Amino acid sequence: MAVEVERKFVCEADIQEKLKDIRAECIGQYHFKDQYYDSTDFTLTMEDFWLRRREGSWELKCPAASRTNPEKKAEALCTNYREVTDLHQIKIEVMKVMKHCTGASEDSSEREQMDANAEDDSWLQDLKLVCFAEYTTLRCSYMLESDGGEGRVRVDLDQADFGYCVGEIEVLVSEGDDMQSAQQRIQKTAEKLGLGGEKKIQGKMDVYLQRYRPEHYAKLLSAHVL
Ligand code: V4E
């Protein structure tokens, strides 16, 4: 399963020029709408699980087993999430979190029923999941070969429709792989782009929740999820 290791950064006006200077290849510009789902008492996100539908495709981002070491500055700026894209697997993982948090027992017939409902969205109602965030992003993506043939690093420049811009440096690894080397590749790319490395930058979701869902935002902050 893929684990996304990522670091966000502030997009300065000259970022595209800098990307060109380090020979990052522009691989395209996309426009997409994201919808995020959770229960009304925020069970999933309080556990740091992020259920998303992007243009009809589902994805669940789950906290990766191997976390970053907060004592190390460069690592503390990165996040690691396991990405699940198979809808059947997503339902299993979501149900596990919901049952674990509410104390209810697992019911396989419930899951079978939800699979039978795969064509429609009734599984969301079954699990009492509602959309808590919806926004569109205009994304410019760049690809960069990292030094020493260690693999590719992706850089995304995002512009959300609610007026927030953010950059991301991202490396995909397999679950169980060495996270540190991914973090080092991200750190090297950040240095090449001349990015300041002092503080963690807010993502689109942080800003969206702060502006439009302050109660949800405050709960996640107090639980140290954001
Ligand atoms: C909020 C959140 C997650 C949802 C996805 O967030 P993000 O990666 O920012 O979205 P996007 O559009 O870039 O997705 P991609 O195209 O890369 O798949 S996943 C984790 N969080 C929580 C979180 C966190 N813990 N820290 C920071 C800085 N941001 C978000």
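Structure first, text after, so check above.
Residues numbered from 1 in each chain as written. Predicted model: local features only at pLDDT ≥ 70, side-chain atom pairs only at ≥ 80, totals over all residues. Heavy atoms only, no water.

J.: Help me understand the site of the ligand in this model?
T.: Within the structure, the ligand sits among 21 residues, and Lys8, Lys61, Arg139, Glu168 and Lys204 are positioned closest to it. Residue Arg54 places a side-chain N or O atom 2.9 Å away from an oxygen atom belonging to the ligand. Between the ligand and the protein, one listed contact pairs an oxygen atom with a side-chain N or O atom of Arg139 at 2.9 Å. Considered on its own, the ligand offers 650 Å² of accessible surface; in the complex 94% of this is hidden by protein. Counting only elements with at least two residues in the shell around the ligand, the list comes to strand S1 (2-9), strand S2 (25-38), strand S3 (50-54), strand S5 (78-84), strand S8 (164-174) and helix H8 (204-212). (Near = heavy atom within 4 Å. Polar contact = N/O pair within 3.5 Å; in protein donor to acceptor, adjacent residues only side chain to side chain. Areas by Shrake-Rupley, 256 points an atom, 1.4 Å probe, with all protein chains shown as cover. Helix = DSSP H or I, 4+ residues; strand = E, 2+ residues; numbered from the N terminus.)

J.: Just checking my understanding: could you explain the pattern of salt bridges for this structure?
T.: Oppositely charged side chains may form a pair once their charged atoms are brought near each other. The full count for this structure, using the stated rule, is 17 salt bridges. For Glu59, the salt bridge identified is with Arg52, shortest N-O distance 3.4 Å. In this structure, Lys61 engages Glu59 in a salt bridge whose closest nitrogen and oxygen atoms are separated by 3.4 Å. Across the pair, exposure class does not vary: Lys61 and Glu59 are buried alike. Within this structure, Glu6, Lys8, Arg139, Arg154, Asp156, Asp158, Glu168 and Lys204 form a network of salt bridges that share partners. (Salt bridge = Lys/Arg side-chain N within 4 Å of Asp/Glu carboxyl O. Buried < 20%, exposed > 50% of the residue type's maximum accessible area, 1.4 Å probe, protein only.)

J.: Would you mind going over the pairing of S2 with me for this structure?
T.: It is a general feature of regular strands that their side chains alternate between the two faces of the sheet. Judged from the 13 bridges that link them, S2 and strand S6 (residues 130-145) form a sheet pairing that is antiparallel. Directly across from Cys26, in S6, lies its bridge partner Tyr142. Bridging between S2 and S3 involves 4 bridges; their strand directions are antiparallel. Each residue of the ladder has a partner; that of Tyr37, found in S3, is Leu51. (Pairing = 2+ DSSP bridges.)

J.: Got a minute to help me understand the nonpolar core in this structure?
T.: In globular proteins that are soluble, nonpolar side chains generally tend to be buried together. Core analysis: the largest hydrophobic core is formed by 24 residues, its most contacted members being Val5, Leu19, Leu157 and Ile169. Residue assignment for this core shows that the elements contributing at least two residues are S1, helix H1 (15-21), S6, strand S7 (152-160), S8 and helix H7 (179-192). When neighbours within four sequence positions are excluded, Leu157 is seen to be in contact with Phe9, Cys11, Ile15, Gln16, Leu19, Leu138, Arg139, Cys140, Tyr142, Val166 and Gly167. Within the second largest apolar cluster, 18 residues are counted, among which are Tyr36, Ala133, Ala160 and Val225. (Core = buried A, V, L, I, M, F, W, Y, C linked by side-chain atoms within 4.5 Å. Contact = heavy atoms within 4.5 Å.)

J.: Help me understand the side chain of Glu168, please; the structure alone is not making it clear to me.
T.: Residue position: Glu168 is located in strand S8. Leaving out residues up to four positions away in the same chain, Glu168 has contacts with Glu6, Arg7, Lys8, Phe9, Arg139, Arg154, Val155, Asp156 and Asp158.

J.: Hey, could you run me through the environment of His216 in this one?
T.: With respect to the helices, strands and loops of the structure, His216 is situated in helix H9 (residues 214-222). Distance from His216 to Thr45, taken between C-alpha atoms, is 9.2 Å for residues 171 residues apart in sequence. Not counting the four nearest positions on each side in its chain, His216 is found in contact with Asp38, Phe42, Thr45, Phe132 and Leu209.

J.: I would appreciate a short explanation of the packing of aromatic side chains in the present structure.
T.: What characterises a pair of aromatic rings is the spacing of the ring centres plus the angle enclosed by the ring planes. On inspection of all chains with the given rule, the structure shows 9 aromatic pairs. Geometrically, the ring pair formed by Tyr36 and Phe132 is tilted, given 6.3 Å between the ring centres and 50° between the ring planes. With Tyr36 in strand S2 and Phe132 in strand S6, the pair connects residues that are 96 residues apart, well separated along the chain. We classify Tyr36 as buried; its relative accessible area is 9%. An aromatic cluster of three or more residues is present, and its members are Tyr36, Phe132, Tyr135, Phe162, Tyr208 and Tyr212. (Phe/Tyr/Trp six-rings, centres within 6.5 Å; stacked < 30°, edge-to-face > 60°.)

J.: Looking at this structure, how should I read the side chain of Arg7?
T.: Take Arg7: it is sitting in strand S1. For the buried residue Arg7, which engages in no salt bridge, the nearest side chain bearing the opposite charge is Glu191, 7.1 Å off. In terms of polar contacts, Arg7 uses its side chain to reach the side chain of Gln187, at 3.0 Å. Excluding residues that lie within four positions of it along the chain, Arg7 makes contacts with Leu77, Cys78, Gly167, Glu168, Ile169, Ile186, Gln187, Ala190, Leu195, Gly196 and Gly197. (Lys, Arg positive; Asp, Glu negative; His and termini not counted.)

J.: Help me out: how do you make sense of the state of the cysteines in this one?
T.: Joining two cysteines, a disulfide is a covalent bond between their sulfur atoms. Applying the stated rule across the entire model yields 0 disulfides. With no disulfide of its own, Cys26 lies closest to Cys140 among cysteine sulfurs, the gap being 5.0 Å. When its relative accessible area of 45% is taken as the criterion, Cys26 is described as partly exposed. The class of Cys140 is buried, set by a relative accessible area of 11%. (Disulfide = S-S within 2.5 Å.)

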